[in-house]
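# Inside the fold
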Amino acid sequence: MFKKGGVRVHLTETKIEVRYAETDQMGVVHHSNYVVWFELGRTQLIREIGFNYAEMEKEGILSPVTDIQVSYKYPATYGEAVSVKTWVENYDGIRVTYQYEVLNQEGKLCATGSSTHVCVKKETFRPISMRKNLPKWHEVYETIKQK
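Given the structure is predicted, the values throughout are model-derived calculations rather than measurements.

It is worth spelling out the pairing of strand E6 (residues 81-91) at this point. Across the 11 residues that make up E6, a large majority, 8, are buried. As paired elements, strand E3 (residues 12-17) and E6 share 6 bridges and run antiparallel to each other. In the strand pairing of E6, Glu 13 is matched with Lys 85. When E6 meets strand E7 (residues 95-104), the two strands line up antiparallel, connected through 9 bridges. Its bridge partner being in E7, Tyr 91 is matched across the sheet by Val 96. In textbook terms, the turn of a hairpin is the stretch between consecutive antiparallel strands, and for E6 and E7 this stretch comprises 3 residues, one of which, Gly 93, has a positive phi near 95 degrees.

And the structure:
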């Protein structure tokens with residue numbers, strides 16, 4: 001937990017060793033890897049609050065990305081460790097927006113971003129209400145969201 005704007009927020013911190021395969025010829029992390037790292041952070045946050053994507057999918061519910069944003073601030077490089085901080089920025093019963101910060105081992109902010117997701121029925125790919133279809137998830141998201 002941390003405080004943001006005076007509100008207690010559930011924050012997950014995921015440690016990642018930058019691998020050679022994630023870098024370009026200059027040893028700088030390729031921009032596409034930040035989105036992968038966001039997914040790692042989001043999955044860990046979901047585990048920490050007591051849920052599991054795989055279990056949700058077994059119930060026939062998927063959670064596709066409807067929007068993703070990344071802003072690059074400082075290059076992460078091969079051989080260093082980065083930390084992905086993840087929290088729920090917004091939740092309205094249908095959409096969830098996760099917020100991310102990637103910091104290098106010196107604490108320099110490398111990237112910020114967000115991803116928005118909806119839950120859909122696997123057969124129809126139509127959005128569903130988490131409040132009705134995933135009431136336990138809904139209850140927890142209501143307590144940890146920023147907005």
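On to the sheet that holds E7, then. Here 5 strands make up an open sheet; going across it, the order is E3-E6-E7-E8-E5 and the pairing antiparallel. This sheet does not close on itself; its edge strands, each paired only once, are E3 and strand E5 (65-72). Sheet twist, expressed as the mean angle between neighbouring strand axes with direction ignored, is 20 degrees. Two elements, E5 and strand E8 (residues 109-118), share 7 bridges in a ladder whose sense is antiparallel. Within E8, the residue paired with Tyr 72 across the bridge is Ala 111. In the packing of helix H1 (residues 32-48) onto the sheet, the strands contacted are E3, E5, E6, E7 and E8, and the crossing angle to E3 comes to about 135 degrees. Of the strands in this sheet, E6 and E7 are in contact with helix H4 (residues 135-144), which crosses E6 at around 105 degrees.

Another aspect to go through is a nonpolar patch on the surface. A cluster of nonpolar side chains, contributed by Val 35, Val 65 and Ile 68, occupies part of the molecular surface with about 210 Å² of accessible area. Residue placement: Val 65 occurs in strand E5.

Rules behind the numbers
Numbers given to residues run from 1 along each chain, matching the order in which its sequence is written. Side-chain atom pairs in this predicted model are given and counted only at pLDDT of 80 or more, local residue features only at pLDDT of at least 70, and totals for whole chains, interfaces and linings cover all residues. The side-chain numbers reported here are obtained from all heavy atoms of the structure, hydrogens and water having been left aside. Exposure classes here rest on a 1.4 Å probe applied to the protein chains alone. A residue is buried below 20% of its type maximum, exposed above 50%, and partly exposed in between. Only DSSP runs of H or I reaching four residues or more are called helices, and only runs of E reaching two or more are called strands; each is numbered from the N terminus. Two strands pair if DSSP finds at least two bridges between them. Angles shown run from 0 to 180 degrees and are taken between the N-to-C directions of axes, each axis being a line fitted to C-alpha atoms and, for helices, limited to the stretch in contact. By definition, residues are in contact when any of their heavy atoms lie within 4.5 Å. The patches described consist of residues with a relative accessible area above 30% and no salt bridge, like charges being joined within 9 Å and nonpolar side chains (Val, Leu, Ile, Met, Phe, Trp, Tyr) within 5 Å. Residue-level accessible areas treat just the shown protein chains as cover; the underlying method is Shrake-Rupley with a 1.4 Å probe. By convention in these notes, a salt bridge is any Lys or Arg side-chain nitrogen within 4 Å of a carboxyl oxygen on Asp or Glu.

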